[in-house]
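A closer look at the structure
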Amino acid sequence: GLGSRIAKEKEDVYYMSIEADWDYNRTETSVRPDVVTDYWISKYNFYAEFYLPKKFVFEFDAAHPRRQATSSFDKPINNTIINLELKKKFTEKENWHVSVSVRDLLNENLGFRRNATSNFINENVHTVLRRYFMLTVTYNFSSANKNESK
């Protein structure tokens, strides 16, 4: 496939990146030369992190995979996954974090697998964990020791 990424950062203010990946799939067989399956799958990602006053950090990431319809599967399966997180850093070394997050804000997450071989194509859509909220408390051991070794 082909991919590209652009990122911009201003230290202690923000970090942002945009990514795009494109994959082309084509299968044909000598058993059935009249049956050719070809399709594109692309994925677009956006990530942003903003450093706010009082040691708060806001994170946003979005992924939008696009799956082309084929002669075997006439409906394209596209969704957008958005995750948000608000994090508060504690202590002078900032080794304690408490965060509140929502994963899959739009409730569109789905499990998807498309497998194409020379004489077989299979598409599987299955249930996965969808929208959820989470409270996280994190202690970072490596950042606690980093300042002591200087």
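Quick caveat, the model's predicted, so the values are computed rather than measured. (Residues numbered from 1 in each chain as written. Predicted model: local features only at pLDDT ≥ 70, side-chain atom pairs only at ≥ 80, totals over all residues. Heavy atoms only, no water.)

**Focus: the overall build of the chain**
A tally of helices and strands in the chain yields one helix and nine strands. Listed N to C, the secondary structure of the chain is β-β-β-β-β-β-β-β-β-α in terms of helices and strands. Against the 2.2 N^0.38 benchmark of 15 Å for 150 residues, the chain shows a C-alpha radius of gyration of 21 Å, more extended than a compact globule. A total of 150 residues make up the chain; the buried ones form 28% of that total. Of the contacts formed within the chain by residues at least 6 apart in sequence, a portion of 44% connects residues at least 24 apart. (Helix = DSSP H or I, 4+ residues; strand = E, 2+ residues; numbered from the N terminus. Rg over C-alpha atoms; globule rule 2.2 N^0.38 Å. Buried < 20%, exposed > 50% of the residue type's maximum accessible area, 1.4 Å probe, protein only. Contact = heavy atoms within 4.5 Å.)

**A closer look at the side chain of Ser99**
Here Ser99 is to be found in strand β6 (residues 96-103). Ser99 gets classed as buried once you look at its relative accessible area, which sits at 4%. Here the side chain of Ser99 touches Glu85 through a polar contact of 2.9 Å, side chain to side chain. Setting aside residues no more than four positions away along its own chain, Ser99 makes contact with Glu85, Leu86, Lys87, Met134, Leu135 and Thr136. (Polar contact = N/O pair within 3.5 Å; in protein donor to acceptor, adjacent residues only side chain to side chain.)

**Thoughts on the side chain of Asn79**
Residue position: Asn79 is located in the loop between β4 (56-67) and β5 (81-90). According to the relative accessible area criterion, Asn79 is buried, its value standing at 3%. Within the structure, the side chain of Asn79 is placed 3.4 Å from the side chain of Arg67, a separation counted as a polar contact. Setting aside residues no more than four positions away along its own chain, Asn79 makes contact with Ala63, His64, Pro65, Arg67, Glu108, Asn109 and Leu110.

**Side note on the environment of Asp61**
Relative to the elements of secondary structure, Asp61 occurs in strand β4. For the pair Asp61 and Ala48, spaced 13 residues apart in sequence, the C-alpha to C-alpha distance is 6.3 Å.

**Thoughts on the packing of aromatic side chains**
How two aromatic rings sit relative to each other is set out by the distance from centre to centre and by the angle between their planes. Enumeration over the complete set of coordinates arrives at six aromatic pairs. With 6.2 Å between their ring centres and 55° between their planes, Tyr15 and Tyr47 make a pair best called tilted. Taken together, the positions of Tyr15 in strand β2 (residues 14-28) and Tyr47 in strand β3 (residues 36-52) put the pair 32 residues apart, joining distant regions of the chain. On the accessibility criterion, Tyr47 (22% relative accessible area) is partly exposed. An angle of 50° between the planes, with centres 5.1 Å apart, marks the rings of Tyr24 and Trp40 as tilted. With Tyr24 in strand β2 and Trp40 in strand β3, this pair connects stretches of sequence that are 16 residues apart. The structure contains a cluster of three or more aromatic residues connected by ring pairs, namely Trp96, Tyr139 and Phe141. Above the ring of Phe112, the side-chain terminus of Arg67 is found at 4.3 Å from the ring centroid. (Phe/Tyr/Trp six-rings, centres within 6.5 Å; stacked < 30°, edge-to-face > 60°. Lys NZ or Arg CZ within 6 Å of the ring centre and 35° of its normal.)

**Quick notes on the pattern of salt bridges**
Per the counting criterion, the structure on display carries five salt bridges. Where Arg26 meets Asp38, a salt bridge forms, and the shortest distance between an N and an O atom there is 3.7 Å. Of the two residues, Arg26 sits in strand β2 while Asp38 sits in strand β3, which places them twelve residues apart along the sequence. Since its relative accessible area comes to 46%, Arg26 is described here as partly exposed. (Salt bridge = Lys/Arg side-chain N within 4 Å of Asp/Glu carboxyl O.)

Note that every value here comes from positions in space, so none of it alone points to a role or purpose.
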